[in-house]
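Residue-level structure breakdown
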Amino acid sequence: MEIFKGFYINLLLIFMLSAVAAIDPYSEALLSLKSELVDDDNTLHNWMVPSGGKLSGKSYACSWSGIKCNNDSTIVTSIDLSMKKLEGVLSGKQFSIFTNVTSLNLSYNIFSGQLPAEIFNLTGLTSLDISRNNFSGPFPGGIPRLQNLLVLDAFSNSFSGPLPAEFSQLANLKVLNLAGSYFKGSIPPEYGSFKSLEFLHLAGNSLTGSIPPELGNLKTVTHMEIGYNLYQGFIPPQLGNMSQLQYLDIAGANLSGPIPKQLSNLTSLQSLFLFRNQLTGSIPSELSNIESLTDLDLSVNFLSGSIPESFSELENLRLLSLMYNDMSGTVPKGIAQLPSLETLLIWNNRFSGSLPESLGRNSKLKWVDVSTNNFVGSIPPDICVSGVLFKLILFSNKFTGGLSSIYNCSSLVRLRLEDNSFSGEISLKFGHLPDILYIDLSRNNFVGGIPSDISQATQLEYVNVSYNMKLGGIIPPQMWSLPQLQNFSASTCGISGDLPPFDHSCESISVIDLDSNNLSGIIPNSVSKCQALEKINLSNNNLTGHIPNELASIPVLGVVDLSNNKFTGPIPAKFGSSSSLQLLNVSFNNISGSIPSGKSFKVMGSSAFVGNSELCGVPLRPCPDSVGILGSKGTWKVTRIVLLSVGVLIVLLGISFGIFYLRRGIKSQWKMVSFAGLPQFTANDVLTSLSATKPAEVPSPSPEVTKTVLPTGITVLVKKIEWEVRNVKVVSEFITRLGNARHKNLIRLLGFCHNQHLVYLLYDHLPNGNLAEKIEMKWDWAAKFRTVVGIARGLCFLHHECYPAIPHGDLKPINIVFDENMEPHLAEFGFKQVLRWSKDSSPTTTKWETEYDEATKEELCLDIYKFGEMILEILTGGRLTNAGASIHSKPWDVLFREIYNENEASSLQEIKLVLEVAMLCTRSRSLDRPSMEDVLKLLSGLKHLDDGRTSKEGQ
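Below is a short write-up of the structure. (Residues numbered from 1 in each chain as written. Predicted model: local features only at pLDDT ≥ 70, side-chain atom pairs only at ≥ 80, totals over all residues. Heavy atoms only, no water.)

**Re the packing of aromatic side chains**
- The tally for this structure, following the rule as stated, stands at 23 aromatic pairs.
- A ring pair is formed by Trp480 and Phe488, whose centres lie 5.6 Å apart and whose planes are at 85 degrees; its orientation type is edge-to-face. Pair check on accessibility: Trp480 and Phe488 agree, each one buried.
- Here the aromatic cluster, defined as three or more aromatic residues joined through ring pairs, consists of Phe111, Phe120, Phe135, Phe139, Phe159, Phe167 and Phe183.
- One Lys or Arg, Lys391, reaches over the ring of Trp367 and ends 4.2 Å from the middle of that ring.
- Between the NZ or CZ atom of Arg414 and the centre of the ring of Tyr438, over which it lies, the distance is 4.0 Å. (Phe/Tyr/Trp six-rings, centres within 6.5 Å; stacked < 30°, edge-to-face > 60°. Buried < 20%, exposed > 50% of the residue type's maximum accessible area, 1.4 Å probe, protein only. Lys NZ or Arg CZ within 6 Å of the ring centre and 35° of its normal.)

**Details of the state of the cysteines**
- According to the stated counting rule, one finds four disulfides in the structure shown.
- Cys384 shares a disulfide with Cys409; S-S distance 1.8 Å. In this structure, the disulfide formed by Cys384 and Cys409 twists by about 80 degrees around the S-S bond and is classed as right-handed. Here Cys409 lies in the loop between strand E28 (398-399) and strand E29 (414-416) and Cys384 lies in the loop between strand E26 (374-377) and strand E27 (391-393), a separation of 25 residues in the sequence. Here Cys384 matches Cys409 in class, with each residue buried. (Disulfide = S-S within 2.5 Å. Helix = DSSP H or I, 4+ residues; strand = E, 2+ residues; numbered from the N terminus.)

**Looking at the pairing of strand E11 (residues 182-185)**
- For strand E9 (residues 158-162) and E11, the ladder comprises three bridges, and the chain directions are parallel. Looking at the pairing, Ser160 lines up with Tyr182 of E11.
- Looking at chain direction, E11 and strand E13 (residues 206-207) are connected through two bridges and run parallel. Bridge assignment links Lys184 to a residue of E13, and that residue is Ser206. (Pairing = 2+ DSSP bridges.)

**Some details on unusual backbone geometry**
- Residue Pro619 is bonded to the preceding Val618 through a cis peptide linkage, with omega at 10 degrees.
- When you line up the elements, Pro619 lands in the loop between strand E44 (614-616) and helix H5 (636-663).
- Positioned with a positive phi, Asn42 is a non-glycine residue whose angle comes to about 55 degrees.
- Even without being glycine, Ser396 reaches a positive phi, approximately 55 degrees.

**Concerning helix H9 (residues 781-801)**
- Between its first and last C-alpha, H9 extends 29 Å over 21 residues, near the 30 Å set by a 1.5 Å rise per residue.
- Burial runs high along H9: 16 of the 21 residues are buried. (Expected span 1.5 Å × (residues − 1).)

**A closer look at the pattern of salt bridges**
- Taken as a whole, this structure holds nine salt bridges when the rule is applied.
- Measuring nitrogen to oxygen at the nearest pair gives 2.6 Å for the salt bridge that ties Asp382 to Arg361. Highlighted residues: Asp382 in the loop between E26 and E27 and Arg361 in the loop between strand E24 (350-354) and strand E25 (367-369), separated in sequence by 21 residues.
- Of the residues examined, Arg361 reaches a relative accessible area of 44% and is grouped as partly exposed. (Salt bridge = Lys/Arg side-chain N within 4 Å of Asp/Glu carboxyl O.)

**Here's the deal with the sheet that holds strand E22 (residues 328-329)**
- Read from one edge to the other, the open sheet built from four strands follows the order E22-E24-E26-E28, with strand pairing classed as parallel. Across the chains shown, the open sheet's two edge strands, defined by having one partner strand only, are E22 and E28.
- Two strands pair when backbone bridges link them, and E22 and E24 are joined in this way by two bridges, in the parallel orientation. By the bridge assignment for E24, Ser328 is matched with Arg350.

**Some details on the sheet that holds strand E18 (residues 278-281)**
- As summarised here, the arrangement of the three strands in space is E16-E18-E20, forming an open sheet in which the pairing is parallel. Two strands lie at the open edges of the sheet, namely strand E16 (256-257) and strand E20 (302-303), each paired on one side alone.
- Examined bridge by bridge, E18 and E20 share two bridges and lie parallel to one another. In the strand pairing of E20, Thr280 is matched with Phe302.

**Details of helix H12 (residues 855-875)**
- Taking 1.5 Å per residue as the helical rise, H12 with its 21 residues ought to reach 30 Å, and the 30 Å between its terminal C-alpha atoms agrees with that figure.
- Extensive coverage of H12 is indicated by the burial of 15 of its 21 residues.
- In the stretch just after H12, Gly877 is the one whose phi turns positive, near 60 degrees.

**A word on the pairing of strand E37 (residues 518-521)**
- Alignment of strand E35 (residues 496-498) against E37, held across three bridges, turns out to be parallel. Its bridge partner lying in E37, Ser496 is registered against Asn518.
- Relative to strand E39 (residues 542-543), E37 runs parallel, the two sharing two bridges. Bridging from a neighbouring strand, Gly521 pairs with Leu543 of E39.

**Focus on the side chain of Thr492**
- With respect to the helices and strands, Thr492 occurs in the loop between strand E34 (487-489) and E35.
- A residue is classified by how much of its surface remains accessible, and Thr492, at 18% relative accessible area, is buried.
- Not counting residues up to four positions away in its chain, the partners in contact with Thr492 are Tyr467, Asn468, Met469, Asp515, Ser516 and Asn517. (Contact = heavy atoms within 4.5 Å.)

**Notes on the environment of Met48**
- By the secondary structure assignment, Met48 is in the loop between helix H2 (25-35) and strand E1 (67-69).
- Each C-alpha atom, one on Met48 and one on Tyr60, is 8.1 Å from the other, the two residues being twelve residues apart in sequence.

**A few points about the side chain of Asn109**
- Following the sequence through the fold, Asn109 ends up in the loop between strand E4 (103-105) and strand E5 (110-114).
- At a separation of 3.1 Å, a polar atom in the side chain of Asn109 contacts the main-chain carbonyl oxygen of Leu106.
- At 3.1 Å, the side chain of Asn109 forms a polar contact with the backbone oxygen of Ser107.
- Ignoring any residue separated from it by four or fewer positions in sequence, one finds Asn109 in contact with Leu81, Ser82, Met83, Lys84, Lys85, Leu86, Arg132 and Asn133. (Polar contact = N/O pair within 3.5 Å; in protein donor to acceptor, adjacent residues only side chain to side chain.)

On their own, these measurements won't tell you what the molecule is for.
What follows is the structure, given as structure tokens:
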């Protein structure tokens, strides 16, 4: 049918072409162009010639969408095909006729292939816009033919090769936008000879070499963006000669050396962006000569020294961003006098002293972030007097005093004051904070309890007041009524009283953390209304009563810690059927009865249940048989004799049947254990699939690995293990733990099939190979960074979110595999332990629990060390292998420079950060290495820099 449809369309087009050919050359050319395009949305539906008749002297095309003509509709003067989702490769053969067209706009489409050189036959063009397409290959020669051209916009394509020097021959050009492609090589020095250019945008390519000082000759340019490239060397001082320049962006450009003081000659400059480079030295005080400056971003460099006092003269300054440098000293008082200042971002430096007393008094401050410095003193009293402050981020300093300065700051959206020495009551009027989303007041010295009106801040999503040791008070009665609340943390605060009842408003809350307080009473049955609850920690309190069955009914609940309380009664049986539960810690209570028999309970470890003298079942001691059904104590002796006789008979029968079945090969009977994600089928299905597949040896410490297709059609990897009969129980329990460990950066163990001598483990088959195969290939920095972070996330889950922790045990590139999206997954995790225990001569059912306190801790530390070595391999393309012990003898600056030179990246700070993590992880003493939780925090520290120049939404 499609063949006939295509034939019909082509035939119709031929008739249309033949009908118009002798009448209208413009329409003929445009219909020819249409025939080359893919127009799935039929946006050019009216490009057609009506049947019959002629337009005397006029062009049909003048009535078509996107086409403009002269007044008498005889000559096409403009072609606009923008934003029509058109695809295809342009031949350009139609363009020679359009010599009177002054504007050609092909932007926001999906054109591909090379840009045809015939486009330069449009010699009347004043504007050529081919932006936001996928044109590729070198930019064609011949553009000097367009001597009338004023605007050339080729933004966001896939051009490669060098920047054409001949662009400089366009004497009338005012706008040149070649950003967002893959141009390589240096900026041609000829680009300094443009006579009329006003806008120059070359950012986001792969340009190298030094920035030509000839650009300083561009006296007419008002806007220049040349950052996000891979230059070498310094910022040319000659750029200070660009007398009309208003906007200069050379961010993320690998530039080093000092900021030239000659930039202070740019007296018309309004925006200066030099962030994410390697600039050193102090900030030139001469920059204060640029009185028109509104935005100054020098963040993420190696700048030192203090903020120049002369900056108090920049009365038009709105943005001052100096974050992520090595600056010190105090904030000049004059900064607080700047009448236009809206955003002050100076976090992660070594600033000290107090913030200026008048900060906020003289300008409309919107965003202040001074976190992670050494500031002291109190919050400036007028910081919110303008009524527009929406982000106040002061964490990790040494601030003191109370919150009187912001108690009525109704514009606040995000407030982070954690890790300081604030004191007094939490004097915030929550009823006057209609937009507040995020509050973190943890690790301070607040007292007086959580304000009762907190429930009036109806937009709150995150509240953390933990580790205010003397906070006291109760949980406000309406705490759970906050409709947007997702996380409520108030651990170690001395809070007393009962847990308030839950209502339907709590349906969004996912984390409740109230450990180490003085709470009493019961867990309300209404907790079942919190259907999104994933973690609840009520440990180390004085709670009583039974664990409510309603708690066990929450579908996504993963972590429940009720340890060190006074709970009584049984563990709700419904927990046993939970598919999400990872940990239920009820240790040191008065719980009685038996532990539910669900799979998750078998792998939790006895530490989650100890301290309950009347509690029994796996993983604790077996529960004694009940005698209630056998009669009273007076009849027990008779019953015991009867039972003994019956038992002897059963044993004799069992031996007889055992001999019989042994002779028939009972050893060959198989069982199938499936985990979530594997369709249900029998052990026979697995064995049949394996018998039809030849095993393939892979370079791995594991036994044979076979790729096979199961009856359901899914492809899996199958690993075979031989085990001893006496080891089946302990090893299968541990394999079950591995199967229940689910994370996006772990390969899925789908199930296992076993008899008394063999076990087959079934894993997902991921299609894109492993890290060992790719490590020497040319990667871009983003792919390397994503891989490092993905591995860290997987390890962090194993180490910190599995109970007890699971060491990987064999971390190396061959055990990192990639899915279809090139997301890394850890393979073989825990497998080394499985192999060891499967051959153990004296296994116990709690072997993996008891070893957690000894060998497992060593394995966890070794994982961290191996992770550091793997980072070095990734950073060096496999050149540094097993280099953890030797790398520390190399000077830091030499090592850093080598690794930076091997990675084509615009993010110096990310490379520096990842290398620092590798150095920390490979320290010789295991006690000196960070935990994987700390590693992930370090690696996430620059995540907010990926998308914007001063974005710090994560704070």
